[in-house]
Every structure is written in C-alpha cells, then in structure tokens.
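For reference, the chains in residue letters:
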Amino acid sequence: LWMHAFANIRKTKSASTTLVIMFIIAALLLNAGLLVVINYGSFFNNLKDELKPSDVYFAMPDKIYTDEVKTYIDENKHVKQTQTNEGIILGTKILSKGEEKSFPIMFTNMDEKREINKWKFVGDHLPAEDMSVYVPDIFKAVSGYQLNDQIKLNYTDEDTKEEKVLTFTVKGYTEDIYFSSTDTGYISFYLPEKTYQKVKGILNKPEYLTHLVFANLDDVKNVPVVASGIREIMNLNSASLVAADPSTMLLVIDLELIQLARCMMASMISAMMVMFSLIIVIVCLLVVRFRIVNSIEEDMMKIGSLKSIGYTSRQIILSVILQFSLIAGIGSLIGIALSYPVLPAISKVFEQQSGLKWEQGFDGAISGVALLIILVIIILVAYLASRRISKLNPIHALRGETTTHKHKRNHLQLEKAKSSLPVALAFKSILQSLKQNVMMMIILIAVTFCGIFGVIMYYNTTIDTKAFAEVPGMEICNAIAVLNPEMDQTETVKAIESMDNVRQVQYLDEVKVKVEGSEVAAYVMDK
C-alpha cells in the first residue's frame, strides 16, 4: 500500500506539489488563528488574575472629589472594595515615529502600595535616577523608545499659554490593565516618589490633580447606578460627559470595556485567519475529490489489473486514502511549523494596537487539533470519493469500462449546432464534464474571494483608512469644540462655520437619558 501511494505521488508530482503548498497555507492560517483565538484571550485573562484589576475606576479631578463623594462610594451597597490613588493628568505632545502626537498622560507614583489594579515591568528595566520614567510597553513597540532614551513631553501652560517641556529618561516598560493602551483613555507614566513630587511641584496647579477610585462591585451591571449617584451628588449636567471644563469631568471606565478595546482587534484578525484557512481547506477538498475521480477514470485498467492479481477493493481504496493523507500530512506539518515563526509578527501588530506583549511558545495540543482537523476531513473526503472503486468489476475495468453499458448523453449534436464549430465544441465539452466544471468554478470563486477580500482589507486598513474608520456611521472630523451648555450657541456655531478652511460643521446636542435604569448619553443633531 505504501509503495502504491508513493508511486501515485511520484506520478503526479506537479499536482501533489500544488496540493502540498495549499495545505501548508491552510495549516499555517488555521494553527495561527486557533492559537490567537484560544491563547490570546486566555493570556489577557491570566494577566487579569496576576494584576487584579478592579471592576471599574472613577477618575475625578481634585475640584469635584469631595468628602461627600468619598462617603457615597465607600458606603454604597453595590461597592465591595475600593482603592484610591492620586494621579497627575497632563495633555501632552510626544514624538512618535518622527511626528508629534497627542497623548493624555497620567503620572503615577510607582512607590504607592496597591492591593488591586497592580502593574508590572515588561522586559528589562534599569534602576531609577533623577527624572526617570517607566512607560507602557506600547511606547517601545510603536514609538521605538529604548532604555536610557530621552522622552520629551510638550504641553501648554493653562494660565500663560506658554509652551513648556518635561524631559524624562526611559528606564523601563510597564504593563497594567487600564492604562497601557492608546485606545483606553489615559496612558500611565510611572514615576519614582521623588520624581513624582518634583513633577507635581513643577506643574503646581490643582487642575492637574486627579483622584482615581478603583472599585470592585457586587455586579458590573451596577456600574451605571454608582456613576449616576456620583453625578447627582456633584450636580454635573450632561455636557460633563464630554467635559467642556476638564476640572468637572467624571471618567468612568469598566473592565469589560477595557477587555473589548484591547482584545477586539486580535479577535477580528484571528477570526479572519480561521475563515481563510477553512476556505483554503475547502478548496483542497474539492481538488482532492477532483483528483481521485479523475485518477479512477484514467487508471481504470490499472485498477482492473490490481484486482485481477488479488488486490481487494479495500486495499486499493486504502492506498488512495494513504496517498492524499501523506500529501495533507506533509503540507500540514510544514504549515504548522511555519506558523510559529510568523506569530511574533502577528503579536507585534497586536502589541502596537493593544499594548499587550504576547509571546506564544509551542502549543502541542492546539497544533495537534489543527493537524487532526485537516487529516480527518481529508480522509473522509478521500474515502467518499474512492468508494466507487469497490463497484468496479475487474473484467470491465481492464476494458476501461466502469459498467457493462454506460454511454454518455450527447448534450449537443454538432451537426445540428447553429453556432461555429469551436464554440459548439467548447459548450459540448462543458456539458459533458459538468460536475468537474462546476467544481472548478467553486474553486475559482473561493480563491478569488480570498484574494480580493485580502487586498481590500489591506487597502482599507493600511493605505486608505477613511472607509474603515467611518464604519460606525459617522464622518471622522478633524477637531471637536465643546461649548458651554448654559448658553445659546447658535451664533457660535455659525461663527465656526464661517471660519477660513472650515469645510463642514456638525452641531451635536448631548442629553443624559435613562434606558431601563441605566444612564447613557444621547446625541441629537440636525439631518
């Protein structure tokens, strides 16, 4: 059986090579996709277990963090545990990839003791010196800051409007759940106690001071209830959700929102990888079935001779199954092996988006499942396609006949064809091999879909991202002006609209509403 299987592979070297390549691609995508789907999510969950993040945090400027608010949170029936930390919030511009980009930085005292919402170092770090800073790992992955590099934070003084600079030395990289990604609000810069107090003295304004209340609740569904109570105590109007005055802004971020923000991109990419791999596997199955059916037709006399010298139908079928199992197994093993060197590049993409430094080693269980999935499907398809061998009579097979009387229907009589002879012959050939042609059409549809979808996704996520960014349904604006909600702003909107270089203005009015007991922000705009 092994000899027959290898002989058939050698006989169809080009077709076998093509199938091996297809199985390499399918196994690579399938294994990588399964690793991301299963292990990336569990990696984040393990990180949560390690760092013990709270269910929610409330960020309140010093101006509105009163004793009344503190008492309300501590005595709230839904709040089971709290931890309050001080932070300094500063809107800055930092050099990233040769450009200045805006970052809302929160300076945190790294020497404060924490029971919940802990943080840790990622990779190597150096001892603290004067004006040392430990930055989120995303600043290394995206902006390229290395140990002992100078990082300059440009900001505008709120009173004098003077441009100022804070310069730090990068001494290490950090990871925490809430403040390590650009997609989750503030980015935390961890400073030693002396440096933190020095920065606090340099800024020296209560407007920069913020209190972070980390809270564990009896149920995360009660986050809006607690937040609504805080708003009522502080008498915040709806505009405070966007904060025309930053000193009255209440920021509420829960753990579910953070997990969605940091893992959503990985989930989308892994889902697409698995989808593409399944499409390629389906194409491989169609090709395998096509090859088996054709080989039975072409090797009819060979099969008859094998049966006549004593080979059973079961043995011949097993040799066919073995042939394509070997092709699928070799291609799948190579693809699975190649998926592991590819994973660091995928992890780098995730790291730049989510700030999570995910390192995946060899996972025998997942890789074994990926290999088993492909092999089981191939064996099943090969068996179903080769079952007709058992119906072949040796005498008829030696004559090249599948049955005693089998004549193909003449779908198109050439003498009666009204078109030219080449066209008539083409249509006749299509109709006589209808099953194979339909199979070829399905293969081409699947391959074309994969190719076009991949090109479109690359173009819209890398080259021209406008359409991708506008998926939520709103045009992306260049600037937002938050206006005083206590005044009629009709004239202000008209003034902005008449400014030079302003192409379009859309005015949104924000209203605070309750939906099934939960407080949400609703936006009203003209058509």
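Located above this text is the structure these notes cover.
Just so we're clear, the structure is a prediction, and the values are computed from it rather than from any experiment. All residue numbers refer to position in the chain's written sequence, counted from 1. It should be noted that, the model being predicted, local features are given only for residues of pLDDT at least 70 and side-chain atom pairs only at 80 or more, the latter also being counted only at that level, while totals for whole chains, interfaces and linings use all residues. Where side-chain values are given, they derive from all heavy atoms of the structure, hydrogens and water being excluded.

**As for the side chain of Asn 154**
Here is step 1: Looking at the secondary structure, you find Asn 154 in strand E6 (residues 150-156).
Here is step 2: Two N or O atoms form a polar contact when they lie within 3.5 Å of each other; inside protein one atom must be a possible hydrogen donor and the other a possible acceptor, and for residues adjacent in sequence the pair counts only when both atoms belong to side chains. Within polar-contact distance, the side chain of Asn 154 engages the side chain of Glu 100 at 2.7 Å.
Here is step 3: By definition in these notes, contact holds between two residues if any of their heavy atoms fall within 4.5 Å. Those residues in contact with Asn 154, other than ones at most four positions away along the chain, are Gly 91, Thr 92, Lys 93, Glu 100, Lys 164 and Val 165. For helices the rule is a DSSP run of H or I covering at least 4 residues; for strands it is a run of E covering at least 2, with both sets numbered from the N terminus onward.

**Digging into the packing of helix H2 (residues 13-51) against helix H10 (residues 364-386)**
Here is step 1: Lines fitted to C-alpha atoms define the axes here, with helix axes fitted over just the stretch in contact, and angles between the N-to-C directions of these axes take values from 0 to 180 degrees. Taken N-terminus to C-terminus, the directions of H2 and H10 make an angle of 135 degrees; their axes are 9 Å apart at the nearest point. Put simply, H2 runs oblique to H10. Both H2 and H10 take part in a crossing whose hand is right-handed. Along its contact with H2, which presents Phe 23, Ala 27, Leu 30, Asn 31, Leu 34, Leu 35, Ile 38 and Asn 39, the element H10 presents Ile 366, Ser 367, Ala 370, Ile 373, Ile 374 and Ile 378.
Here is step 2: We call Asp, Glu, Lys and Arg charged. Ala, Val, Leu, Ile, Met, Phe, Trp, Tyr, Cys and Pro are nonpolar, and the rest, Gly among them, are polar. Of the residues contributing to the contact of H2 with H10, the split by class is 11 nonpolar, 3 polar and no charged. Here the word oblique covers every angle except those under 35 degrees (roughly parallel), over 145 (roughly antiparallel) and from 65 to 115 (roughly perpendicular). A crossing counts as left-handed when the near helix is turned anticlockwise from the far one by less than a right angle, and as right-handed when that turn is clockwise.

**Side note on the pattern of salt bridges**
Here is step 1: By salt bridge we mean one thing: a side-chain nitrogen of Lys or Arg within 4 Å of a carboxyl oxygen of Asp or Glu. Scanning the entire structure with this criterion turns up 7 salt bridges.
Here is step 2: Note that Asp 74 is salt-bridged to Lys 70, the shortest N-O span being 3.1 Å. One end of the pair is Asp 74 and the other is Lys 70, both in helix H3 (residues 67-75) and 4 residues apart, which spans about a single turn.
Here is step 3: The cut-offs for exposure are 20% and 50% of the maximum accessible area for each residue type, with area from a 1.4 Å probe on protein chains only; residues under the lower value are buried, those over the upper are exposed, and the others partly exposed. By relative accessible area, which is 40% here, Asp 74 ends up partly exposed.
Here is step 4: When the shortest N-O distance is used, the salt bridge between Lys 200 and Glu 86 registers 3.0 Å. Taken together, the positions of Lys 200 in helix H5 (residues 193-203) and Glu 86 in strand E2 (residues 79-96) put the pair 114 residues apart, joining distant regions of the chain.
Here is step 5: Beyond isolated ion pairs, a larger network of salt bridges with shared partners links Asp 157, Lys 164 and Lys 205.

**Some remarks on unusual backbone geometry**
Here is step 1: Its identity as a non-glycine residue notwithstanding, Asn 117 has a phi of 55 degrees, on the positive side.
Here is step 2: Relative to the helices and strands, Asn 117 resides in the loop between strand E3 (99-109) and strand E4 (120-121).

**A short note on helix H6 (residues 223-234)**
Here is step 1: How far a helix is expected to stretch is found by multiplying one less than its residue total by 1.5 Å. The end-to-end C-alpha distance of H6, which contains 12 residues, comes to 17 Å, matching closely the 16 Å that a straight helix rising 1.5 Å per residue would cover.
Here is step 2: Those residues of H6 lying buried are Val 223, Val 226, Ala 227, Ser 228, Gly 229, Ile 230, Arg 231 and Met 234.
Here is step 3: Positioned one or two residues after H6, Asn 235 has a phi angle of 55 degrees, which is positive.

**Topic: the packing of H3 against H6**
Here is step 1: Two elements in contact, H3 and H6, have axes separated by 10 Å at closest approach and are oriented at 160 degrees. Classed by the angle they form, the pair H3 and H6 counts as roughly antiparallel. With respect to the hand of their crossing, H3 and H6 are arranged in right-handed fashion. Contact residues: H3 offers Glu 68, Val 69, Tyr 72 and Ile 73, while H6 offers Val 225, Val 226, Gly 229, Ile 230, Ile 233 and Met 234.
Here is step 2: Split into classes, the residues belonging to the contact of H3 with H6 amount to 8 nonpolar, 1 polar and 1 charged.

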